[in-house]
Amino acid sequence: MASGAGGKVSFKVTLTSDPKLPFKVFSVPEGAPFTAVLKFAAEEFKVPPQTSAIITNDGVGINPQQSAGNVFLKHGSELRLIPRDRVGA
Amino acid sequence: MEDMFVAILSMLLVVALIPLYLWRRRQVPQSHEQEAQVQHRETVVRPTGTRSRMRRRHTSAASTSSAPPAAEETDDGSDEEALEGEYYNAKASKKKGRKKEERQAQRQAEEAARESRHTKQDRYAEIRRRKDEEHEAKERLLEEEAEARKAKEEEAAALEFEKWKGEFSVDAEGTTENEVQDGSQGLLYDFVEYIKKQKCIPLEDLAAEFKLRTQDCINRITSLEDMGRLSGVMDDRGKYIHISYEEMQAVADYIKREGRVSIAHLASKSNQFIDLEPKAAMITEEELGAQDEIAVA
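Conventions we followed
Residues numbered from 1 in each chain as written. Chains lettered and ligands numbered in written order. Predicted model: local features only at pLDDT ≥ 70, side-chain atom pairs only at ≥ 80, totals over all residues. Heavy atoms only, no water. UniProt positions renumbered as here; feature names shortened; annotations may be inferred. Buried < 20%, exposed > 50% of the residue type's maximum accessible area, 1.4 Å probe, protein only. Helix = DSSP H or I, 4+ residues; strand = E, 2+ residues; numbered from the N terminus. Pairing = 2+ DSSP bridges. Contact = heavy atoms within 4.5 Å. Axes fitted to C-alpha atoms, helices over the stretch in contact; angles between N-to-C directions. Arc of directions from axis to C-beta.

- Labelled according to an unreviewed UniProt entry, chain A appears under the name Ubiquitin-fold modifier 1, originating from Cynara cardunculus var. scolymus.
- Taken directly from UniProt, the Sequence similarities (unreviewed entry) text for chain A runs: "Belongs to the UFM1 family."

Observations regarding the pairing of strand S2 (residues 22–29) of chain A
Now for step 1: With eight of eight residues buried, S2 of chain A lies mostly within the body of the structure.
Now for step 2: Burial along S2 of chain A is two-sided: Pro22, Lys24, Phe26 and Val28 of chain A facing one way and Phe23, Val25, Ser27 and Pro29 of chain A facing the other are all buried.
Now for step 3: What sits between strand S1 (residues 8–15) of chain A and S2 of chain A in their antiparallel hairpin is a turn of six residues, with leucine 21 of chain A showing a positive phi close to 50°.
Now for step 4: Where S2 of chain A and strand S1 (residues 169–175) of chain B come together, six bridges link them in antiparallel fashion. Looking at S1 of chain B, one finds that proline 22 of chain A is bridged to threonine 175 of chain B.

A few points about the environment of valine 47 of chain A
Residues and elements named next belong to chain A.
Now for step 1: The topology assignment puts valine 47 in the loop between helix H1 (34–44) and strand S3 (52–56).
Now for step 2: Distance from valine 47 to proline 83, taken between C-alpha atoms, is 8.3 Å for residues 36 residues apart in sequence.
Now for step 3: With residues near it in sequence (within four places) discarded, valine 47 still touches Leu15, Ala42, Ser52 and Leu81.

Observations concerning the sheet that holds S1 of chain A
Now for step 1: Spatially, S3(A)-S4(A)-S1(A)-S2(A)-S1(B) is the arrangement adopted by the five strands of the open sheet, whose pairing is mixed. Each edge of the sheet is formed by a strand with only one pairing partner; in this case those strands are S3 of chain A together with S1 of chain B. Direction aside, the axes of adjacent strands within the sheet are offset by 30° on average.
Now for step 2: With seven bridges connecting them, S1 of chain A and S2 of chain A associate as antiparallel partners. Pairing of threonine 14 of chain A across the sheet is with phenylalanine 23 of chain A, part of S2 of chain A.

Quick look at helix H2 (residues 68–75) of chain A
Residue and element names in this part refer to chain A.
Now for step 1: All of the buried residues in H2 are Ala68, Gly69 and Val71. Considered in projection along H2, the buried side chains sweep an arc of 165° and stay on one side of the axis. Pointing more than 90 degrees away from the buried face of H2 are the exposed residues Leu73 and Lys74.
Now for step 2: Against S1, S2, H1 and strand S4 (78–83) lie the buried residues of H2.
Now for step 3: Trailing H2 by a residue or two, glycine 76 shows a phi angle of about 90°, which is positive.

Right, here's the structure in full:
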């Protein structure tokens, strides 16, 4: 799942609000702001980006105001996309 | 002495006549007002005249001796009564006029005060309204600025997103397998059957296959052995070897037959009884063996 070659990182994002738990693997540049990754992932899953958040599999919230490389380093590549009213629940 | 008496009597008469006259005046106010207007001019002279006359009367009353004092006094009294009437008319009308003027002045003053109060209130209301308008205008300005700022930020974010979007790609997609949700009994059966088929399996591989932790796998196997659904041995290199009851029975029978057997000999013999090949291969051999038997038969 993880690859740092070519300045890109991969994230496997699972949409947990869907019972089928669909997932997508995104390959993004390391330096991309994670807000853009979040917006891209939300658009791919056809959910509104303004009301979505990305958390780890352990339920730890991810601050999107950092680069994708930082997020990959701190939290790994297995992430979850949740509706924003579920943050902290 | 008598003179004194007469004087006192005449004074009493005059005092008694005054309220009578006032009462009469109240009954006919209009005619008296007219008279008062005419006599108003004469009042300047009259009061002093009447006062002096009254003084003269007192002295004359004091000095006169006998004579019917009442008759004399009544004559004098009627004249004086008229004079007094006129005097009091004038005085009352003057007083009334003064009161009227005072009331008018008071009313005017009140009106003026009311007007000034109204103008003051209007001015304050005007000032307050202007201040409210300014405040609202300021708030509106602030809101517009905030909205403009927000729109600018959103625009900047959108631009940045467009800039990076081109470099994003979706490598893979799918749905997470939900075997656990579909049927847990089936999973356990699969677990057992998988172990039986594999015969000798590293525990880590088993854990990866069923998405469990290695320790959890060990616990499961121990529990299944207690339940009697599995039988086998776990070696110290992290493998589990499934040995069926039949194989164990075969080893037991051999030991009973031999009676006394060394471990090395038993181990070499057990390799014959216990097959460590994966069961898929075993099934193929059994099928072949069955076919041979049929052929022989």
